[in-house]
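The residues making up each chain are set out below.
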Amino acid sequence: MRIDAHQHFWRLSNPFCSWPTEAEESIYADFQPADLEPLLVSHGIDGTVLVQAAPSLAETQYLLELAGRSAFVKAVVGWIDFAAPSALADLEALASNRLFRGLRPMLQSIPDPAWMLEEDFREIYERLAELGLVFDALILPAHLGYLSELAARHPRLSIVIDHAAKPSIRDGMMGFESWAGDMARLARHGNVSCKISGLLTEAMPGAALADLRPWLDHLFAVFGPERLLWGSDWPVLNLRSNYAGWISLCEAWLEGKPAQAREWIFGITACRVYGLTSNERVHLAQATGGARHGTH
């Protein structure tokens, strides 16, 4: 399967939808399954991992409902309040849904970068590991050392770094050495994988493959294709590019690399990490009678 390992849906009228705002003009609209489906068909994507965008249990339940009605959504990464007394019970309730495959606290928005290491969260991480679920890490470079410690404390926990920890590509190579060293140390933990997603959003408008290549090449070198997952970050991607542009850039980057590496990055790794199986494959054009064009 070719998998888009990171995409979002939202409806602005939902009470838990506080982002995007009018300031993000190009994505300040409703984005629903019918809007994404034609893009998947056009680019031969068999399924997606739908990821939370709001710190809300209600949003996660909404996404699970959407996923249940969308043949191409193969997994949902949701949210719980780790600090709530009901955290473990909330996790168990979500885990009863076969499409629920992981949690993503919005670490980038929490002032304390060491928050993830709170001892009170130990049981949550242990239960995630027991259930075979994933911890998606929405982090910044400042979190990398703490995430490495978390990976060492919980070697059975599958951790996925979202958007390569959002390096400041817009600043050129200024922050590259520090980020690269931290990513290399984190990659030594075999339970950590990384998403090739969201990088154009961290670059200057109009960025091309040449601007991203050092960062992409480093990820390939330290994680290897077996621990890299391609994701679109659609529709956030639309702030800088579009679906066709991002997938074309990544395919150009992978030219000259072994075909098996491309297969891992564009699907096999996501299937392994999120527990997707080949019998879940859906040919979207057949299942839907062709692409549907949604409106925003």
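Above: the structure in question.
In this text the structure is predicted, and so the values were computed from the model without any measurement. Residue numbers here run from 1 along each chain, matching the order of that chain's written sequence. Thresholds applied to this predicted model are a pLDDT of at least 70 for local features of residues and 80 or more for the giving and counting of side-chain atom pairs; totals over whole chains, interfaces and linings are not thresholded and use all residues. Water and hydrogen atoms were dropped before computing side-chain values, which therefore reflect all heavy atoms in the structure.

## Re the side chain of Lys 166
Argument step 1. In this text, helices come from DSSP runs of H or I with a minimum length of four residues, and strands from runs of E with a minimum of two, each type numbered from the N-terminal end. Structurally, Lys 166 can be placed in the loop between strand E6 (158-161) and helix H6 (176-187).
Argument step 2. Here Lys 166 sits buried without a salt bridge, and the closest side chain of opposite charge, Glu 202, lies 4.4 Å off (N-O distance).
Argument step 3. Residue contacts are defined here by distance: any two heavy atoms, one from each residue, within 4.5 Å place the two residues in contact. Beyond its immediate sequence surroundings of up to four residues, Lys 166 is in contact with Gln 108, Leu 138, Ile 139, Leu 140, Pro 141 and Glu 202. Note on exposure labels: buried denotes an accessible area under 20% of the residue type's maximum, exposed denotes more than 50%, and partly exposed covers the range between, all computed with a 1.4 Å probe on protein chains only. Charged residues are defined narrowly, with Lys and Arg counted positive, Asp and Glu counted negative, and His plus the chain ends left uncounted. Salt bridge, as used here: a side-chain nitrogen of Lys or Arg that lies within 4 Å of a carboxyl oxygen of Asp or Glu.

## Thoughts on the packing of aromatic side chains
Two descriptors summarise a pair of aromatic rings, namely the distance from one centre to the other and the angle between the planes of the rings.
Argument step 1. Any pair of Phe, Tyr and Trp rings, taking the six-membered ring for Trp, is counted once the centres come within 6.5 Å. Such a pair is stacked with planes under 30 degrees apart, edge-to-face with planes over 60 apart, and tilted for the rest. Tallying each qualifying case throughout the model produces 18 aromatic pairs.
Argument step 2. With centroids separated by 5.9 Å and ring planes inclined at 50°, the aromatic side chains of Phe 82 and Trp 115 adopt a geometry described as tilted. With Phe 82 in the loop between strand E3 (73-78) and helix H3 (87-95) and Trp 115 in the loop between strand E4 (100-103) and helix H4 (122-131), the pair connects residues that are 33 residues apart, well separated along the chain. No difference in accessibility class separates Phe 82 from Trp 115, as the two residues are buried.
Argument step 3. Aromatic side chains Trp 115 and Phe 121 sit 4.6 Å apart centroid to centroid with 55° between the ring planes, which places their arrangement in the tilted category.

## Looking at the sheet that holds strand E2 (residues 47-51)
Either a parallel or an antiparallel arrangement is found when strands of a sheet pair, and the pairing is made through backbone hydrogen bonds.
Argument step 1. Within the open sheet, the eight strands sit side by side as E1-E2-E3-E4-E5-E6-E7-E8. Their pairing is parallel. The sheet is open, and its two edges are formed by strand E1 (3-7) and strand E8 (228-230), each paired on a single side. Direction aside, neighbouring strands of the sheet carry axes that sit 25° apart on average.
Argument step 2. Judged from the two bridges that link them, E4 and strand E5 (residues 134-137) form a sheet pairing that is parallel. Residue pairing across strands places Leu 103 opposite Phe 135, the latter belonging to E5.
Argument step 3. Orientation is described by lines fitted to C-alpha atoms, with helices fitted over the stretch in contact, and by angles between N-to-C directions that extend from 0 to 180 degrees. Against the sheet, helix H9 (residues 259-274) contacts E1, E2, E3, E4, E5, E6, strand E7 (192-196) and E8, and its axis sits at roughly 110° relative to E8. In short, DSSP must find at least two bridges between two strands for them to pair.

## So, unusual backbone geometry
Argument step 1. With an omega dihedral of 10°, the bond running from Trp 19 to Pro 20 counts as a cis peptide bond.
Argument step 2. For the bond from Trp 234 to Pro 235, the omega torsion is 0°, close enough to zero to count as cis.
Argument step 3. As for its position among the elements, Pro 235 is in the loop between E8 and helix H8 (243-254).
Argument step 4. The phi angle at His 163 is positive, at roughly 55°, despite the residue not being glycine.
Argument step 5. As for its position among the elements, His 163 is in the loop between E6 and H6.
Argument step 6. Residue class for His 163 comes out buried when judged on its relative accessible area of 4%.

## Comments concerning the layout of surface pockets
Argument step 1. Only protein atoms enter the 1 Å grid used here. Points where a 1.4 Å probe fits but cannot escape make up a cavity, open sets with protein on both sides within 12 Å along at least five of seven lines make up a pocket, and a residue lines them when an atom lies within 4 Å of a point. Grid points are joined across faces, edges and corners, and a volume is the space filled by probe spheres set on the points. Considering only enclosed or pocket space, the largest pocket measures out at about 390 Å³ in volume.
Argument step 2. Around the largest pocket sit 25 residues that line it, and Trp 19, Met 106, Gln 108, Lys 166 and Val 236 are the ones nearest its centre.
Argument step 3. Looking at side-chain class alone, the lining of the largest pocket contains twelve nonpolar, seven polar and six charged residues. Amino acid classes used here: Ala, Val, Leu, Ile, Met, Phe, Trp, Tyr, Cys and Pro are nonpolar; Asp, Glu, Lys and Arg are charged; the rest, including Gly, are polar.

## Topic: the pattern of salt bridges
Argument step 1. Counted by the stated rule, this structure contains 13 salt bridges.
Argument step 2. A salt bridge links Asp 30 to Arg 11, with the nearest nitrogen and oxygen atoms 3.5 Å apart. In this pair, Asp 30 sits in the loop between E1 and helix H1 (33-42) while Arg 11 sits in the loop between E1 and H1, placing the two residues 19 residues apart along the sequence.
Argument step 3. For Asp 30, a relative accessible area of 23% translates into the label partly exposed.
Argument step 4. Taking relative accessible area as the criterion, Arg 11 reaches 31% and is therefore assigned partly exposed.
Argument step 5. The salt bridge partner of Arg 170 is Glu 202, with a shortest N-O separation of 3.6 Å. Separated by 32 residues along the polypeptide, Arg 170 in the loop between E6 and H6 and Glu 202 in the loop between E7 and helix H7 (209-223) bring together distant segments of the chain.
Argument step 6. Glu 202 sits in the buried class, given a relative accessible area of 11%.

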